[in-house]
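# Reading the structure
Now for the letters of each chain:
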Amino acid sequence: MSDFDCYDNTLAYQSACKAHPHPPSRLNLDWRYITSTHQLEAEIDPYRTRKVLGIDTETTGLDPHQDQVRLVQIATAGMPTLVIDLWKVDEIHALKTLLTSPALKVGHTLKFDWQMLATSGIPLHGPFFDAYLAHKALNAGLKVKSSLAAIVQECLGVELDKSAQRSRFAGHLSDEQLQYAAWDAAYSLALRQPLAQRLQQASAQFTARFLHIANLESACIPATALMELNGMALDPDRFEQAVTTFQHQKQAALTQFHQALGLETQTQISLLPSEPKVFGLNPGSSQQVLKALAEQGLTLKATDQRTIIRVVDRHPALPHLLEWRHQAKVLDTLNSLPRHRHPLTQRLHPQVRQVSARSGRFSCRNPALQTVPHDSAIRRCFVVRPGHRLIKADYSQIELRIAAKITQDPLLVKAYRTGQDVHRMTAALLLDMAQTQVTREQRRLGKAINFGLIYGMSAARLQLEAQLQYGLILSHKDALALHKRYFQRFTGVAQWHRQGKRQLYRHDGLRHAKTLLGRVRQWADKPDFAEWINAPVQGTCADMIKRALVALVPHLNADVHLLIVVHDEIVLEVRQDLAPDIAQTLTQVMIAAAQPLIAPIPIEVDTQIGHSWAGD
DNA sequence: TCAGAGTGCGCC
DNA sequence: AAACGGCGCACGCTGA
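All chains use their own residue numbering, which begins from 1 and follows the written sequence. Written order determines the labels here, with chains lettered from A and ligands numbered from 1. In view of the model being predicted, local features appear only for residues whose pLDDT reaches at least 70, and side-chain atom pairs are presented and counted only at 80 or more, with totals across whole chains, interfaces and linings using the full set of residues. Remark: hydrogens and water are excluded; side-chain values derive from all non-hydrogen atoms of the structure.

## Some thoughts on the protein's contact with DNA strand C
Test applied: The near set for a molecule or strand comprises every residue that places at least one heavy atom within 4 Å of it. Polar contact is the term for a pair of N or O atoms within 3.5 Å; when the atoms are in protein, one must be able to donate a hydrogen and the other to accept it, and sequence-neighboring residues count only if both atoms are side-chain atoms. Numbering of helices and strands runs from the N terminus, with a helix taken as a DSSP run of H or I at least four residues long and a strand as a DSSP run of E at least two residues long. Residues are sorted three ways: Asp, Glu, Lys and Arg are charged, Ala, Val, Leu, Ile, Met, Phe, Trp, Tyr, Cys and Pro are nonpolar, and all the rest, Gly among them, are polar.
The environment of DNA strand C is formed by 35 residues, the closest being Ser285, Arg339, Arg358, Tyr455 and Ser458. For DNA strand C, the backbone makes up 76% of the atoms found within 4 Å of the protein, where backbone means sugar plus phosphate. Here Ser363 contributes a side-chain N or O atom positioned 3.2 Å from a phosphate oxygen of DNA strand C. Glu531 has a polar side-chain atom sitting 3.5 Å from a phosphate oxygen of DNA strand C. Those elements that provide at least two residues to the surface near DNA strand C are helix H12 (286-295), helix H14 (317-336), strand E10 (363-365), helix H19 (440-453), helix H20 (459-470) and helix H23 (529-552). For the surface near DNA strand C, the element with the highest residue contribution is H23, accounting for four residues. A class-by-class count of the residues in the surface near DNA strand C yields eight nonpolar, 16 polar and eleven charged.

Below you can see the structure in the form of structure tokens.
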């Protein structure tokens with residue numbers, strides 16, 4: 001596993017921690033304001049040989065596409081912090097050399113600095129140590145504040161005044177502004193050792209790899225930064241067409257819903273903005289729906305899909321209700337997109353967060369591109385630049401493969417190792433038939449069972465999910481029988497659950513879960529079983545895709561854009577002639593990143609090249 | 001009028 | 001002890 005540790009600075013940190021048990025003693029709050037090329041070149045020399053640099057920037061705003069970097073601060077142990085004014089220094093070659101040197105760059109939320117510098121034509125190269133990411137990795141699952149001030153308070157016991165941070169960094173800069181700018185870099189730098197020490201201690205306590213994970217997250221910074229900078233393009237014509245289509249479908253469903261309830265749909269347009277958007281009974285209001293159904297003899301507790309689907313035959317309006325809900329949901333998603341179009345780039349630039357999800361997954365918002373409906377009428381609105389292709393590659397059945405590795409279930413392990421179709425195998429096993437005789441529908445049942453029961457789904461829920469997601473009608477009795485047989489056959493999964501419950505429910509129960517890479521999620525209280533059993537699987541998938549991104553970064557350039565990551569899928573936009581080669585590289589990188597974690601279970605990656613996100 | 005908890009659902 | 005997990009978002013509704 002030598003390639004495993006390409007971004008890992010564990011050994012360096014260990015020696016650093018031993019050498020400097022009291023980091024604040026090395027903190028130098030002195031600073032120099034650099035306002036000319038001459039001054040820069042005169043002062044920067046000693047910083048070139050340093051192995052660790054604290055980095056921070058001050059900018060005229062928060063948008064890398066239109067705001068500017070004003071100050072770049074460089075801190076290093078025992079030296080004054082350089083505060084370089086980019087508006088006054090016209091030749092910054094020396095600074096660029098420093099920022100692309102192999103020195104460790106320490107900062108807090110370096111993604112932002114990376115982006116601001118990148119759009120100013122100043123590349124910032126790793127390795128990185130990001131105090132924010134490290135603090136979140138240290139406390140994954142717990143509710144903690146990870147602002148610079150909060151971490152400085154926690155690790156160094158210093159109250160950091162952040163009042164100058166929100167001040168304007170345009171025009172004349174006061175001494176106070178310059179001082180706080182310098183201090184941010186100096187304090188970020190000073191956080192590395194105490195944080196590394198805490199990460200090491202936690203690793204020992206949990207038999208995990210906190211520092212490794214913190215370094216992995218830090219190494220992902222360029223990938224995350226580029227996803228946000230690149231964004232995705234929405235074709236205006238296709239988009240308008242899609243909206244119109246879904247509006248009609250939604251309206252049709254509404255009419256049928258009302259008719260089935262014996263109501264008339266009122267479609268007059270109101271001029272008053274305060275008027276409700278839907279006239280008459282609103283299928284979007286659970287209260288109104290419950291009341292209307294009750295009046296017609298059907299009393300329910302809720303109106304969500306899972307409740308409705310159980311009784312869908314009991315009233316003719318119910319299928320139309322589900323249809324309207326679907327169309328309305330899709331339309332909501334669509335309507336939310338244009339307001340996120342960037343005024344300059346005309347693209348959607350989501351906010352991508354590496355460490356906000358308790359599982360270790362990426363999350364994405366404004367807009368939530370990870371939840372764009374799969375409907376090809378919508379996905380084909382997401383297009384590539386002229387002369388480019390979209391490449392999407394996803395890990396095949398990755399969670400089930402990870403579960404096979406974790407549970408060591410003999411059947412699952414053997415099935416994957418011999419390249420069998422696992423859903424088909426499950427169906428054949430539970431229905432007592434040969435795999436060759438399994439029908440498409442029966443395979444779908446196998447899929448529903450595999451994905452559900454692995455995390456402890458009940459028979460009742462299985463019955464529901466089979467119908468909702470796979471369109472399979474299952475009697476309660478059959479669901480119960482399948483549930484029982486599943487755990488009789490998949491003994492490894494059954495044992496995994498039994499042991500898990502023992503560890504969780506004993507007097508001094510576990511309050512953390514660990515991935516195969518050593519990422520830890522903690523709970524402040526007793527974890528729910530289902531959350532706890534799922535965390536290592538989902539988290540390991542996050543480990544894999546983040547390892548893949550780190551390996552992918554060197555391949556990203558002006559012709560190879562990273563667009564988005566959707567949990568087990570990586571999407572690139574690549575110059576047309578390069579697409580086949582890059583697709584192959586991407587596939588290999590993803591396999592290599594994941595394989596060591598679940599060997600000898602094989603990894604499979606499905607890769608497609610197309611013109612839009614629909615894959616066409 | 002508006003914040004906020006609740007409901008429901010898209011993706012993996 | 002609980003009954004698949006992880007997200008973000010839009011909406012209807014409520015109470016101040």
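Read on for the rest.
## Section: the protein's contact with DNA strand B
Taken together, 18 residues surround DNA strand B, and among them Thr303, Lys329, Arg361, Thr371 and Asp568 come closest. Atoms of DNA strand B within 4 Å of the protein belong to the sugar or the phosphate in 80% of instances, the rest to bases. In the model, a base oxygen of DNA strand B is placed 2.8 Å from a nitrogen or oxygen of the Lys329 side chain. Take His374: an N or O atom from its main chain is 2.9 Å from a phosphate oxygen of DNA strand B. Here the surface near DNA strand B gets three residues from one element, more than from any other, and that element is H14. Taken together, the residues that form the surface near DNA strand B break down as four nonpolar, eight polar and six charged.

## Quick notes on the side chain of His108
Convention followed: The buried label goes to any residue with under 20% of its type's maximum accessible area, the exposed label to any with over 50%, and the partly exposed label to all in between, with areas taken from a 1.4 Å probe on protein chains only. When checking whether two residues touch, look at their non-hydrogen atoms; a contact exists if any pair is within 4.5 Å.
Relative to the assigned elements, His108 resides in the loop between strand E5 (104-107) and helix H5 (110-119). The class for His108 is buried, based on a relative accessible area of 13%. Of note is the side chain of His108, whose polar atom sits 3.2 Å from the backbone nitrogen of Leu148. Beyond its immediate sequence surroundings of up to four residues, His108 is in contact with Asp113, Asp130, Ala131, Tyr132, Ser146, Ser147, Leu148, Ile151 and Ser188.

## A short note on the pairing of strand E15 (residues 560-565)
Stated precisely, the cut-off is as follows: Each pair of strands is called paired provided DSSP finds at least two bridges between the two strands.
Most of E15 sits out of view: six of its six residues are buried. Pairing of E15 with strand E16 (residues 569-575), which is carried by five bridges, proceeds in the antiparallel orientation. Bridge pairing links Leu562 to Leu572 in E16. Where E15 folds back on E16, the antiparallel hairpin that results is connected by three residues, among which His567 adopts a positive phi of roughly 65 degrees.

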